[in-house]
Amino acid sequence: MSTPVPISSSARATTTEEARYRIDYPLAAARNTRVVALDEAAEMIVRAASEEDWGQARFYVAYDPGHDLITMAGETVPLAGELEQSNTVVMVSTAGENSEAAATIGAACKVRGIMTAGLVITPGRLSSEALLTLRPYARILLVPADEDDLVELLRATRA
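Everything numeric in this text was worked out from a predicted model, so none of it was measured.

Draft legend 1. Spotlight on helix α7 (residues 149–156). Regarding α7, the residues found buried are Leu150, Val151, Leu153 and Leu154. In an axial view of α7, the angular spread of the buried residues amounts to 160°, which keeps them on one side of the axis. Contacts from the buried residues of α7 go to β1 (33–37), α3 (40–50), β2 (58–61), β5 (88–93) and β6 (115–121). Remark: Arg158 follows α7 within two positions and exhibits a positive phi of approximately 55°.

This is the structure in C-alpha cells:
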C-alpha cells in the first residue's frame, strides 16, 4: 500500500475544486488618474512621466491657486472639468510651494469622493514644507519619494 504523494500548492490551484474560487471576469479598466505638479521641479518630474504610455492618465501643472490647470501642451483647462471623469488625483511637490492650489484640488476631490495621493519628492531628505502642503489633502502620502516613484505608482494603479 503506497502513501499518496502530496501535490504542490501550484498544482492544487489548478484543480477543479479550486477553480470555483477563481475570478473569471476581466480586471477593472485603467484608472482615470490626474497627476498635478505643484512646483517647477515637480513639473519636470511630471512631464517626464507623461511621456510614458498611459491608459487614462492625464498630466498637469497647477501654478494658479484658482481653478485652472495647465496641460503638458500648455493649454489652460478648468479643474472642475478635469475632475469630472477622474477617480484618482496625484499631487506632486518638491518644495512645498503652491499650498493654495493643493488646498483647492484637495477640497474639490473631497467633495467628489476622488481618491487623492501626494508624492513629496525629496530624495534623501524630508522637506517639512512639502509635507505640510500635501498632508491635509492627500489620503495616501509617499514621503520622501524618489523621482521614479511617480511612474511606479502610476503603473501599480493601472493609470
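Draft legend 2. Just the packing of aromatic side chains, in detail. For the structure on display, the rule yields one aromatic pair. Geometrically, the ring pair formed by Trp54 and Phe59 is tilted, given 6.5 Å between the ring centres and 45° between the ring planes. Each member of the pair Trp54 and Phe59 is classed as buried.

Draft legend 3. How the structure looks around the side chain of Thr33. You can see Thr33 is positioned in strand β1. Thr33 has contacts with Gln56, Ala57, Arg58, Asn87, Thr88, Val90, Leu154 and Ala159, leaving out every residue within four places of it along the chain.

Draft legend 4. Summary view of the environment of Ile114. One can find Ile114 in the loop between α5 (99–112) and β6. On the basis of relative accessible area, Ile114 is assigned to the buried category, the value being 5%. Not counting residues within four places of it along the chain, the set of residues in contact with Ile114 comprises Leu83, Ser86, Asn87, Thr88, Val89 and Cys109.

Draft legend 5. Looking closely at the pairing of strand β3 (residues 68–71). The two faces of β3 differ: Leu69 and Thr71 on one face are buried, but Asp68 and Ile70 on the other face are not. Of the pairings in the sheet, the one linking β2 to β3 comprises two bridges and is antiparallel in character. Residue pairing across strands places Tyr60 opposite Thr71, the latter belonging to β3. Where β3 lies against strand β4 (residues 76–78), three bridges are found, and the strand directions are antiparallel.

Conventions and cut-offs
All residue numbers here refer to positions counted from 1 along the written sequence of the relevant chain. Since the coordinates come from a predicted model, pLDDT governs what is reported: local features require at least 70, and pairs of side-chain atoms require 80 or more to be given and counted, while whole-chain, interface and lining totals use all residues. Note: side-chain values were computed over all heavy atoms of the structure, leaving out hydrogens and water. Type-normalised accessible area, obtained with a 1.4 Å probe on protein chains alone, sets the label of each residue: buried when under 20%, exposed when over 50%, and partly exposed for intermediate values. Numbering of helices and strands runs from the N terminus, with a helix taken as a DSSP run of H or I at least four residues long and a strand as a DSSP run of E at least two residues long. The directions considered for the arc are those from the helix axis to the C-beta atoms. Any two residues whose heavy atoms approach within 4.5 Å are treated as being in contact. We call Phe, Tyr and Trp rings a pair once their centres come within 6.5 Å, taking the six-membered ring for Trp, and we label the pair stacked below 30 degrees between planes, edge-to-face above 60, and tilted otherwise. When DSSP finds at least two bridges between two strands, those strands are taken to pair.

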